[in-house]
Amino acid sequence: MNYLWAFMILIGVVYAAIHGTLPELTNAALDSSKEAVTLCITMVGVMSFWVGLMKIAEKSGIIVGLSRRLRPVLRFLFPGIPTEHKANDYIATNIIANVFGLGWAATPAGLKAMEALQELNEEKCRKSKTGKCYALDVATDEMCTFLIINISSLQIIPVNIIAYRGQYGSVNPTAIVGPALLATMISTMVAVVFCKVVNMRRRV
């Protein structure tokens, strides 16, 4: 990625030099830098607010309650995870954070979920010709399903997009809520169907 961005910047500078627009390029770079800093400050405020709400919800037991309500859904999506395993809590927290558009807040829970799923993966083994049992070194169905559902990212409140729209002067930044909810619902349903079909074929 570093080479790609360096190449694109170099092409832009060469193009501007050939066409005599280097002053415009310099002004655009300075304006973009200022705009990037302003956007970062806006996003820090928005994310601090929502992450703070998530912490309050966690401390008050709301997250635990929602996690319990998600157990039937998690059982359907991840049948290979034991009912009381800690991976269920991490996955539930990740899904709840994503639903509220808190992708950054969902990342730590997602990493913890993958670590817990890997522990389950290491408990399984295959027999070598000598009869020795060794850990699986490939992702399990549950790990793949979690990754795909996490990427599909069902969102009720797309916080990041609302913040971006507000930053760039949208008249109604929250107008994206309906289309985003519809789009992520469809992507999540497609992800679930895809995972179920692939997992069934692998077991056949």
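Everything quoted here is computed from the prediction, not taken from an experiment.

### Details of the environment of serine 48
Mapped onto the elements, serine 48 comes out in helix H2 (residues 22-59). Spatially, the C-alpha atoms of serine 48 and glycine 178 are 24 Å apart, while their sequence positions differ by 130 residues.

### Quick word on helix H7 (residues 141-152)
Taking 1.5 Å of rise per residue, 12 residues should cover 16 Å, and H7 covers 17 Å from first to last C-alpha, within 8% of that figure. Buried within H7 we find Asp141, Glu142, Met143, Thr145, Phe146, Ile149 and Ser152. Directly beyond the C-terminal end of H7, a positive phi value near 50° is found at serine 153.

### Here we look at the packing of H2 against helix H8 (residues 159-167)
Between H2 and H8, the least distance of the axes is 10 Å, while the angle of their chain directions is 140°. When the axes of H2 and H8 are compared, the pair comes out oblique. Helix-helix and strand crossings are classified by hand; for H2 and H8 the assignment is right-handed. From H2, Thr38, Leu39, Thr42, Met43, Val46, Met47 and Trp50 reach across to H8, where they touch Val159, Asn160, Ala163, Tyr164 and Gln167.

### Details of the packing of aromatic side chains
Evaluated as defined, the whole model comprises zero aromatic pairs. Lysine 196 extends its terminal NZ or CZ atom over the ring of phenylalanine 76, reaching a point 4.4 Å from the ring centre.

### Points about the nonpolar core
Residues Leu74, Phe78, Ile81, Ile91, Leu117 and Phe146 are the most contacted members of the largest nonpolar core, which totals 17 residues. Residue assignment for this core shows that the elements contributing at least two residues are helix H4 (71-77), helix H5 (86-99), helix H6 (103-123) and H7. The leading source of residues in this core is H5, at five residues. In this structure, phenylalanine 78 is in contact with Ile91, Glu142, Thr145, Phe146 and Ile149, ignoring residues within four places of it in sequence. The next biggest cluster of nonpolar side chains, apart from the first, holds 12 residues, and it includes Met43, Ile63, Ile96 and Ala97.

### Some words on the pattern of salt bridges
As enumerated under the stated definition, the model contains two salt bridges in all. A salt bridge links arginine 71 to aspartate 89; its shortest N-O distance comes to 3.1 Å. Of the two residues, arginine 71 sits in helix H4 while aspartate 89 sits in helix H5, which places them 18 residues apart along the sequence. Residue classification places arginine 71 among the partly exposed positions, given a relative accessible area of 24%. For aspartate 89, a relative accessible area of 36% gives the class partly exposed.

### So, the environment of valine 64
Position of valine 64 relative to the elements: it lies in helix H3 (residues 62-69). Accessibility expressed as a relative area gives 43% for valine 64, which makes it partly exposed. Considered as a pair, valine 64 and aspartate 89 are 25 residues apart in the sequence and their alpha carbons are 8.0 Å apart.

### A few points about a nonpolar patch on the surface
Together, Met1, Leu4, Trp5, Phe7, Met8 and Ile11 line one region of the surface with nonpolar side chains, adding up to about 690 Å² of accessible area. Given the relative accessible area of 52%, phenylalanine 7 is considered exposed.

Definitions and cut-offs
- The numbers attached to residues start from 1 for each chain and follow its sequence in the written order.
- Reporting in this predicted model follows two pLDDT cut-offs: at least 70 for local features of residues, and 80 or more for side-chain atom pairs to be given and counted; totals over whole chains, interfaces and linings ignore these cut-offs and use all residues.
- With hydrogens and water excluded, all non-hydrogen atoms of the structure serve as input to the side-chain values.
- Secondary structure is summarised from DSSP: a helix means a run of H or I of at least four residues, a strand means a run of E of at least two, and numbering begins at the N terminus for each.
- How far a helix is expected to stretch is found by multiplying one less than its residue total by 1.5 Å.
- Partly exposed residues are those whose accessible area sits between 20% and 50% of the maximum for their type, while under 20% is buried and over 50% is exposed, using a 1.4 Å probe and protein chains only.
- Interaxial angle, 0 to 180 degrees, is taken between N-to-C directions of lines fitted to C-alpha atoms, where a helix line uses only the stretch in contact.
- Oblique is the label for any angle not under 35 degrees, not over 145, and not in the 65 to 115 range, which are roughly parallel, roughly antiparallel and roughly perpendicular in turn.
- Each crossing is labelled by how the near helix is turned from the far one, with a counterclockwise turn of less than a right angle marking it left-handed and a clockwise turn marking it right-handed.
- Contacts between residues were defined by any pair of non-hydrogen atoms, one from each residue, lying within 4.5 Å.
- Think of it this way: a Phe, Tyr or Trp ring, Trp meaning its six-membered ring, pairs with another when their centres are within 6.5 Å, and the plane angle makes it stacked under 30 degrees, edge-to-face over 60, tilted otherwise.
- Whether a charge sits over a ring depends on NZ of Lys or CZ of Arg being within 6 Å of the ring centre and within 35 degrees of the ring normal.
- Buried residues of nine kinds, namely Ala, Val, Leu, Ile, Met, Phe, Trp, Tyr and Cys, make up a nonpolar core once their side-chain atoms join them within 4.5 Å.
- The salt bridge criterion pairs a side-chain nitrogen of Lys or Arg with a carboxyl oxygen of Asp or Glu, the two atoms within 4 Å.
- Here a patch means residues that are over 30% exposed by relative accessible area and free of salt bridges, tied together within 9 Å if like-charged and within 5 Å if nonpolar (Val, Leu, Ile, Met, Phe, Trp, Tyr).
- Under the convention used here, a 1.4 Å probe and the Shrake-Rupley method define accessible areas, while residue burial counts only the protein chains that appear.

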